Structure formats: structure tokens, C-alpha cells
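Each chain, letter by letter, is given below.
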Amino acid sequence: MKFYKPLFSIIIIIIQLILSIVSYYDFVTWGKANSELDGLISRIFHGDSLFLFVLVIGFYEMQTKPSWFKTVIRILLMSIVLGTQFSGLIPIDQFYFGVYNTAWFSAVVAVVLILIRIGKYSVEKINDKKLNKASR
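The notes below deal with the structure included here. Remember, it's a predicted structure, so these values are computed and weren't measured experimentally.

Cut-offs and rules
Residues numbered from 1 in each chain as written. Predicted model: local features only at pLDDT ≥ 70, side-chain atom pairs only at ≥ 80, totals over all residues. Heavy atoms only, no water. Helix = DSSP H or I, 4+ residues; strand = E, 2+ residues; numbered from the N terminus. Rg over C-alpha atoms; globule rule 2.2 N^0.38 Å. Core = buried A, V, L, I, M, F, W, Y, C linked by side-chain atoms within 4.5 Å. Buried < 20%, exposed > 50% of the residue type's maximum accessible area, 1.4 Å probe, protein only. Contact = heavy atoms within 4.5 Å. Polar contact = N/O pair within 3.5 Å; in protein donor to acceptor, adjacent residues only side chain to side chain. Salt bridge = Lys/Arg side-chain N within 4 Å of Asp/Glu carboxyl O.

1. Structural notes on the overall build of the protein chain
Scanning the protein chain from N- to C-terminus turns up five helices and zero strands. In sequence order, the protein chain lays out its α and β elements as α-α-α-α-α. Over its C-alpha trace the protein chain gives a radius of gyration of 20 Å, far above what one expects of a compact globule, namely 14 Å for 136 residues. When the backbone C-alpha atoms are referred to their principal axes, the protein chain occupies close to 75 × 30 × 25 Å.

In C-alpha cells form, the structure reads like this:
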């Protein structure tokens, strides 16, 4: 498999990793500072799965040939990272979870497309081996 201009995706993945680590640190700090509340409420940390979603979408973007579709994927990646970071500034109720759910859906689609691409690549390799064997 070939990667096409992966620098953008690598930078976005690293940025999301750093933001997820900072978010986790804030999550743990709040839990320590409010230990009596932390025991009463059920808090869920979404930064780890958000990082995995960005990683999968970024990996698919690396495999995509330069075209308008690659540009759309890049815009989606930027929207996910910026949308989750600045969701508090957007006056839409539950905007963060809308972006999170979009990232989740996009990651599932990207996994399916990656699996299809791996399947095509495997079939091509098998056919190439058969052709090379037959030509000898």
C-alpha cells in the first residue's frame, strides 16, 4: 500500500494526541479536586476514543490519492479537531457530542473502506503471484 502526502494527517494525529492527553489530565485533576462529587456522578472520558477516530480517519486520508475527496477528508479532520476543542464557544446545545458522533461514524466508514482497500491489495498480490507462476 502506498501513502500519499501523509504529513498533514500525521500533524493532525499528533495534535489530537496532545489535546487528548491534556484533556485527560484535566479530567483526572477535576476528579481529584472534587473526589466527593466524582464518587456520586458517572463521568465518561471521550478523549481516548476521539483520538482513535482521528487516527483511523487520518490513516485513511494518508492512503487516499490527491483529489477533491482527499480535501474533503482533510476538512473533516480539521472540523473534528477544532469542533471538539471550541465546542464551548458554539451556542448549540450538545455541539461536542454532535462532532463526536460525526467522528465516530466517519471512523466506522473509514475502517470499512480501509478493509476494502486491504482486500483489493491482497487479491492483486495473489493474482500477481499466480501470473508470475504461470509465466515461468
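What follows continues from the structure just given.
2. Considerations on the nonpolar core
Ranked by internal contacts, the top residues of the largest apolar core, which has 18 residues, are Val54, Ile57 and Ile80. For this core, the elements supplying multiple residues, two or more each, are helix H1 (7–33), helix H3 (47–63), helix H4 (68–85) and helix H5 (95–135). Of the residues forming this core, the biggest block, seven residues, is contributed by H3. Dropping the residues within four chain positions of it, valine 54 is found in contact with Ile12, Ile13, Gln16, Leu77 and Ile80.

3. Observations concerning the environment of valine 111
Within the secondary structure, valine 111 sits in helix H5. Note on valine 111: relative accessible area 36%, which makes it partly exposed. Taking the C-alpha atoms as reference points, valine 111 and phenylalanine 53, 58 residues apart in sequence, are found 9.7 Å from one another.

4. Quick notes on the side chain of threonine 64
Along the chain, threonine 64 falls in the loop between H3 and H4. Residue class for threonine 64 comes out buried when judged on its relative accessible area of 5%. At a separation of 2.8 Å, a polar atom in the side chain of threonine 64 contacts the main-chain carbonyl oxygen of tyrosine 60. Leave out the neighbours within four places in its chain, and threonine 64 touches Tyr4, Phe69, Lys70, Ile73 and Arg117.

5. What to know about the pattern of salt bridges
For the coordinates displayed, the defined rule picks out two salt bridges. A salt bridge links lysine 70 to glutamate 61, with the nearest nitrogen and oxygen atoms 3.2 Å apart. With a relative accessible area of 4%, lysine 70 lands in the buried category. By relative accessible area, glutamate 61 is classed as buried at 0%. Its salt-bridge partner being arginine 74, residue glutamate 61 comes within 2.7 Å of it at the nearest N-O pair.

6. Considerations on unusual backbone geometry
Here lysine 5, not a glycine, exhibits a phi torsion of approximately 45 degrees, which is positive. Mapping lysine 5 onto the fold places it in the segment before H1. Notably, glutamine 94 is not glycine yet its phi reads approximately 60 degrees, a positive angle. Mapping glutamine 94 onto the fold places it in the loop between H4 and H5. By relative accessible area, which is 49% here, glutamine 94 ends up partly exposed.

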